[in-house]
Amino acid sequence: MKRITYVIMFVTAILVAPRLLCAQEVRSIYQDLPKSFFENPQPNDSVWKAVPATMVSLLPQNITAPGLQSPSVETANVKSIHNGKWMAVQLSWADASRDVNVDTSKATDACAIQFPIKGGDKTSPFMGATDAPVAITHWKGIWQNDVLGKYQDVPDLHPNVWVGMYLFATGKRPFPVTTSFNTVAARNTLGSIYVNNPIAQLHRAIPVEELMAEGFGTLTTQPHQDARGNGVWDKGTWTVVFARPLSTGDKHDPKLVVGGETVIAFAVWDGGHKDVGGRKNYAPWVPIKLEKIP
Amino acid sequence: MSEVKNWHLNRLMQYPYDEKRPNKQLAYVFDTNKCIACQTCTVACKTTWTSGKGQEGMFWNNVETKPYGGYPAAWDVKLLNKMGPQEWDGDLYTGQTIFESQDAGERVNGHMPETEDYAYPNLGVDEISGVVDRGAFFQGAHNVWMYYLARICNHCTYPGCLAACPRKAIYKREQDGVVLIDQSRCRGYKECVKACPYKKTFFNMVTRTSEKCIGCYPLLEQGEQPRCVQTCIGKIRMAGWLSKPGEERQDNPIDYLVRIKKVALPLYPQYGTEPNVYYIPPVHVPKEFLWEMFGPGAEDAIAQYRAIRNDPKMMAAMVLFGNTPKIITRYVSDAKYSIGYNEKDEEVVRVPLIEPFFERDMFDPIKNVYRHNTA
């Protein structure tokens, strides 16, 4: 099985290599920006206008199943900026619809960036490898809605729903899930929320999540969250900014050095295409250089 | 892919993981001939496990009317259609399973229901198979048919949901074979929802993770049968432990009905998951429909069922249904009684093979009334 995977990876690499040439390098521009620029990043901040963009080609993830057989998003633009202590990466791509709901047959728009912990030559761009972890920062449209105070509730998807009662719920109809289920007994009716699954947070503060992985199926939320983010959809384009301190002391985080070079990988999901999990578009390692402070 | 033995298909089949049967396997027998679709099981399950927000349209247990009913809508015909015609050669399945026919980029051959498909759990209820001819009247057998199919998670030996989860968030318990979704590990990819051929994993729009029937494992751990079994007023259900193939025991009622008499059959065995809810097929339904739904053993099962009076052991197993909340691991019968024992070999139930018959005087002198019916 492993051997077949490597063969597929090798063939894929040969086939896709010409397409990847357009993404030569991402330059992280130095600017003397306040910490607030990174801590509360604004995707449409005028600062970004002057930053050069690098276009990256995206490929359908078809190395492991489940996957995509053809891409749902083919390119994305990348910009990056740092102030010597923090770095931000802006990712934008065309998406005709703002899909931010999830349900059985609905998925949310999303994107992610990935850094190696030990160096790009030491691990795989495909979710890392055993003992060679990667650090991932994941942004989702539905999380963006969460932080905007619009946690997806039942009436958002089914406006005409009527339920006689919810056991242990407090407050008034329609018993918003964010306010009516605060007792232990009420929480107990919300399985993964009750057990504090990181995917099921009623009161999310930031729309991004920091994760780590050591291969397919190992994606795990980091115990300490250092990243920030923000995403805006406007006129058919998502613009998402990820921001993080260059050095955090967290062993699960990448060490980014001013003047140094590392690699970065990208993933984009189109909710309207029902992309989720491994059904995504990706760009494997692209070199990224943090400009020296002049 | 590994090669695993599937005794429903009488052959080896492909599965992403090695064959590893649990120490005990939870299994159920449902007698479709006795189900009246009262939905007591559905409500018992609903109030016990899925009363929370985001679970409004979620029924871990449902009872639907065949041939037209289905929850979620068209769950079975969609997959049958997608799989296309498949064949049995006697009791050997020569067609493909859901683990052998998937498209590139998929782990399992499945389909994702639409959100709306869960909105009408009673769709098709009580609808009969065709129109009643003008002038037709009842002559002892109806010329149209329908029947009730009670459905829960099959706690499959080779679960489609487990095979599909890229995160290994789904596991099958060693101690009882119950299939569970780890609520702290699930990231809501819904691959299990797409893969389960029975559509018994569900996505919760509020918690953003998938959920499923847990076989009432807190009850199992106390030696009791699940809620849907305990509450069944039609006494159509029994839950217990099915032995590994080749280790079946005559005195285990589940083994006797499923493995020895083969009177109870798996639902859509051709999908290859080795489901562990076994159905006694409805006796009045055309054999072609039953072959498709329960496999090639359907006619034999009905013949066994009809001949129950000649088989005191089967009679004794069947009267134990619905008469105790406890799990029966061994049973014996004498001329009068069927007696069930639990794991500690304590007697938990004693049921007369034939209900006692009382004849009362026509006049009740205490209440000073005549007892009579209006006929």
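As the structure is a prediction and not an experimental result, all values here were calculated from the model.

A. Representation of the overall build of chain B in the model. Across its full length, chain B holds 10 helices and 19 strands. Taken over C-alpha atoms, the radius of gyration comes to 22 Å for chain B, in line with the 21 Å a tight globule of 375 residues would show. Counting the 375 residues in chain B, one finds 57% classified as buried. The long-range fraction of contacts in chain B, counting pairs at least 24 apart against all pairs at least 6 apart in sequence, stands at 62%. For chain B, the accessible area works out to roughly 16,700 Å², and carbon and sulfur atoms hold 53% of it. If you average the places of the 46 positive and of the 45 negative side-chain charges in chain B, the two averages end up 4 Å apart.

B. Seen up close, the interface of chain B and chain A. Of the residues lining the interface, 37 residues belong to chain B; the matching set on chain A comes to 51 residues. The interface formed by chain B and chain A contains 6 salt bridges. Residue E191(B) pairs with R279(A) through a salt bridge whose shortest N-O separation is 2.7 Å. On inspection of chain B and its partner chain A, the count reaches 23 residue pairs in polar contact (both at pLDDT 80 or more). Of all elements in the fold, only α4 (191-195) and β11 (209-212) of chain B reach the threshold of two or more residues within the side of chain B that touches chain A. If one sorts the elements of the side of chain B that touches chain A by residue count, α4(B) sits on top with 3 residues. Tallied by class, residues from the side of chain B that touches chain A come to 12 nonpolar, 12 polar and 13 charged.

C. View of the pattern of salt bridges. Counting across every chain of the model gives 33 salt bridges over all chains. E221(B) serves as the salt-bridge partner of R173(B), at 2.9 Å between the closest nitrogen and oxygen. With R173(B) in the loop between β8 (170-172) and β9 (179-181) and E221(B) in the loop between α5 (217-220) and α6 (227-230), this residue pair connects regions lying 48 residues apart in the sequence. Taken together, the shared-partner salt bridges in this structure form one network comprising R279(A), E106(B), E191(B) and K194(B).

D. Here's a closer look at the packing of aromatic side chains. Throughout the structure, instances matching the rule amount to 28 aromatic pairs over all chains. On the numbers, 5.9 Å between centres and 70 degrees between planes, the contact of Y166(A) with F181(A) is edge-to-face. Linking Y166(A) in the loop between α4 (154-157) and α5 (184-187) with F181(A) in the loop between α4 and α5, this pair joins segments that are 15 residues apart in sequence. When its relative accessible area of 0% is taken as the criterion, F181(A) is described as buried. Ring geometry for F30(B) versus Y279(B): centroids 5.5 Å apart, planes at 85 degrees, classification edge-to-face. Here F30(B) is found in strand β3 (residues 25-31), whereas its partner Y279(B) is found in strand β14 (residues 277-280), with 249 residues between them in sequence.

E. View of the domain arrangement of chain A. Residue and element names in this part refer to chain A. Examined at the domain level, chain A breaks down into domain 1 (2-145 + 206-290) and domain 2 (152-203). With 10 residues of domain 1 at the contact, the number on the domain 2 side is 5 residues. Carbon and sulfur atoms supply 51% of the area that domain 1 and domain 2 bury against each other, a total of about 520 Å² over both sides. At the surface where domain 1 touches domain 2, the tally comes to 0 salt bridges. Linking domain 1 to domain 2 there are 3 residue pairs in polar contact (both at pLDDT 80 or more). Of the residues belonging to the side of domain 1 that touches domain 2, the class tally is 4 nonpolar, 2 polar and 4 charged.

The rules we used
- Residues numbered from 1 in each chain as written.
- Chains lettered and ligands numbered in written order.
- Predicted model: local features only at pLDDT ≥ 70, side-chain atom pairs only at ≥ 80, totals over all residues.
- Heavy atoms only, no water.
- Helix = DSSP H or I, 4+ residues; strand = E, 2+ residues; numbered from the N terminus.
- Rg over C-alpha atoms; globule rule 2.2 N^0.38 Å.
- Buried < 20%, exposed > 50% of the residue type's maximum accessible area, 1.4 Å probe, protein only.
- Contact = heavy atoms within 4.5 Å.
- Areas by Shrake-Rupley, 256 points an atom, 1.4 Å probe, with all protein chains shown as cover.
- Lys, Arg positive; Asp, Glu negative; His and termini not counted.
- Charge placed at Lys NZ, Arg CZ, Asp CG, Glu CD.
- Salt bridge = Lys/Arg side-chain N within 4 Å of Asp/Glu carboxyl O.
- Polar contact = N/O pair within 3.5 Å; in protein donor to acceptor, adjacent residues only side chain to side chain.
- Nonpolar A, V, L, I, M, F, W, Y, C, P; charged D, E, K, R; others polar.
- Phe/Tyr/Trp six-rings, centres within 6.5 Å; stacked < 30°, edge-to-face > 60°.
- Domains from an automatic or database assignment.
- Buried area = accessible area lost by both parts, 1.4 Å probe.

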